[in-house]
Amino acid sequence: MHRIFAAILVAGVCAPSLQAQTRPPTSTEPILKLAEALARAGTSSPFQDAASAGVRAAEAQRRVAALRPNPSIVAESENVAGSGMYRGLRSSETTVGLALPFERGGKRRARIAVAEAQIGRADIQAEIARADLRLRITQAYVTAVAAQRRITIAHDQVGIAADVLRAATIRVQAGRASPLEEQRAALARVAAEGMMERTERSALVAVANLSRLLQIPIGALDTIWFQQVDAPGPIRQSGSTGMLLVAAARADLDTATAQVRLARSQRVPDVTLTASARRLEQTNDTAAVFGVSIPLNVFNGGRSAVAVADAQRDQSDALRRVALIDAEQDIATTQAEAANAATTARNATGPALAAAVEAARIARIGYREGKFGQLDLLDAERSLLDTRTAAIDALASYHDARARLERLTAEAPIAKDTDR
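Residues numbered from 1 in each chain as written. Predicted model: local features only at pLDDT ≥ 70, side-chain atom pairs only at ≥ 80, totals over all residues. Heavy atoms only, no water.

Would you take a moment to explain the packing of aromatic side chains for this structure?
What the rule picks out here adds up to 1 aromatic pair. Centroid distance Y141 to W225: 5.6 Å. Interplanar angle 75°. Geometry classified as edge-to-face. A residue pair is termed long-range when its members are at least 10 positions apart, and Y141 in helix α5 (residues 107-173) and W225 in helix α7 (residues 223-227) qualify at 84 residues. On the basis of relative accessible area, W225 is assigned to the partly exposed category, the value being 21%. (Phe/Tyr/Trp six-rings, centres within 6.5 Å; stacked < 30°, edge-to-face > 60°. Helix = DSSP H or I, 4+ residues; strand = E, 2+ residues; numbered from the N terminus. Buried < 20%, exposed > 50% of the residue type's maximum accessible area, 1.4 Å probe, protein only.)

Quick look at the structure:
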């Protein structure tokens, strides 16, 4: 290999050869861009349908919370089925009326506050579902593009292996090489064809997964976007309070706080008023009956329920602080991953790839002319394959890290200022 790289220093890097090795195959079918895929998923997706149903359920729950208690029909009959003059229904007194409960302690307002907090949490959950869907589609798109790029590499490797086998056959027939070289070249071609088959199968699965998400057939993808690497920005140190995960934890705290107010309101007993009409069987007269019912908080005064709600609120507050710490750490870590992947991708698609392409080109020429041995050629080809594969892996890692960073830094929706 030292002779090959020495020849590179003399010959220089061949840019046209690099382009020929890395240029994707042309296609007449329309290219599906990532932005189009994201817009397509936003129109119809079971993930978003589930989130929208959650919002509708929370809004319906708010309407339920605003309802007042239903009145009750009260009916009772006295002085029946006894003995003597109370035998049968001769002395019965029948009372029929209505019982109307009146809530005290602000229970209805507390229920509405809990429901409105749950609506806010459902809105945030819907945004989380949309952000998760964008991340899922982006990752599937990156995987599919990378798989298609690997097919190009595998196809090139099959062609290269066939060329090496032809050159080895010519050398063996001319008596300039051992038959072992021809067998080794044949083995390399079989390995390249096997890699081509595995790569095509993996690409078929990756494209099919993207097609299931978008519910459309998938053709060509945007390889130009895949090869672009932006310069890494500064690592974010603070300002994550507006992120979706933190906003969700804050919404949970708001709900828990509203639950505390609801638990405290439950400690105030309600009053039930009754208004009835009583018919006296013996005189066939009718009289009005009024009543009031107030429960006595003797065995269950509601203190335990308030203690539970207070503990759950404290837990939600602690989880909110944990979510803030986790968001800051995840953002910093993902930014570093994106920056590292960008550096690796630029190196793998730049000088390293150019050197590997030129080394393989010189090794092929030298092998045909008898200047280099077959092991040198196979080593150069293996280095080229590893470098091209590493370039695709680095680009895929870079775009995946950028997608995860976008998901982590997704802003929470502005709270709605409306009367529900």
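Additional details are given in the paragraphs that follow.
Mind showing me how you'd approach the confidence of the model for the chain here?
Detailed reading of the predicted coordinates is not advisable wherever pLDDT falls low. Counting all residues, the mean pLDDT for the chain is 82, and 85% of those residues have values of 70 or more. When pLDDT is averaged over each element of the chain, helix α8 (residues 244-265) comes out on top at 92 and helix α2 (residues 15-22) at the bottom at 34. (pLDDT = per-residue confidence, 0-100.)

What exactly am I supposed to notice about the pattern of salt bridges here?
It is possible for side chains of opposite charge to pair when their charged atoms get near one another. The tally for this structure, following the rule as stated, stands at 23 salt bridges. In this structure, D270 engages K107 in a salt bridge whose closest nitrogen and oxygen atoms are separated by 2.8 Å. Taken together, the residues span a long stretch of sequence, with D270 in the loop between α8 and β5 (271-280) and K107 in helix α5 at a distance of 163 residues. Under the relative-accessibility criterion, D270 is labelled partly exposed at 23%. As a salt-bridge pair, D252 and R121 come within 2.7 Å of each other at their nearest N and O atoms. Highlighted residues: D252 in helix α8 and R121 in helix α5, separated in sequence by 131 residues. Owing to a relative accessible area of 32%, D252 belongs among the partly exposed residues under this scheme. The network of salt bridges with common partners includes E78, E93 and R278. (Salt bridge = Lys/Arg side-chain N within 4 Å of Asp/Glu carboxyl O.)

Would you take a moment to explain the nonpolar core for this structure?
Side chains of a nonpolar character, in soluble globular proteins, are inclined to be buried together. Core analysis: the largest hydrophobic core is formed by 31 residues, its most contacted members being I137, Y141, L210, L214, I218, L221 and F226. Sorting the residues of this core by element identifies α3 (34-43), α5, α6 (179-214) and α11 (374-408) as the ones contributing at least two each. For this core, the element with the most residues is α5, which contributes 10 residues. When residues no more than four places from it in sequence are discounted, the contact partners of I218 are L32, V207, L210 and S211. Counting 10 residues, the second-largest nonpolar core is a separate cluster that includes V164, L165, A167 and A363. (Core = buried A, V, L, I, M, F, W, Y, C linked by side-chain atoms within 4.5 Å. Contact = heavy atoms within 4.5 Å.)

Where do I start with the environment of D49 in this structure?
Along the polypeptide, D49 turns up in helix α4 (residues 46-65). For the pair D49 and A129, spaced 80 residues apart in sequence, the C-alpha separation works out to 9.5 Å.

How should I be thinking about the sheet that holds strand β6 (residues 285-293) in this particular structure?
Adjacent strands of a sheet pair through backbone hydrogen bonds, lying either parallel or antiparallel. With antiparallel pairing, the 4 strands of this open sheet are ordered in space as β2-β3-β5-β6. Two strands close off the open sheet at either side, each with one partner strand: β2 (72-78) and β6. Strand-to-strand twist across the sheet, computed as the mean angle between neighbouring axes with direction ignored, equals 20°. Across 10 bridges, strand β3 (residues 93-102) lies against β5 in antiparallel orientation. Bridging across to β5, T95 finds its partner in R278. (Pairing = 2+ DSSP bridges. Axes fitted to C-alpha atoms, helices over the stretch in contact; angles between N-to-C directions.)

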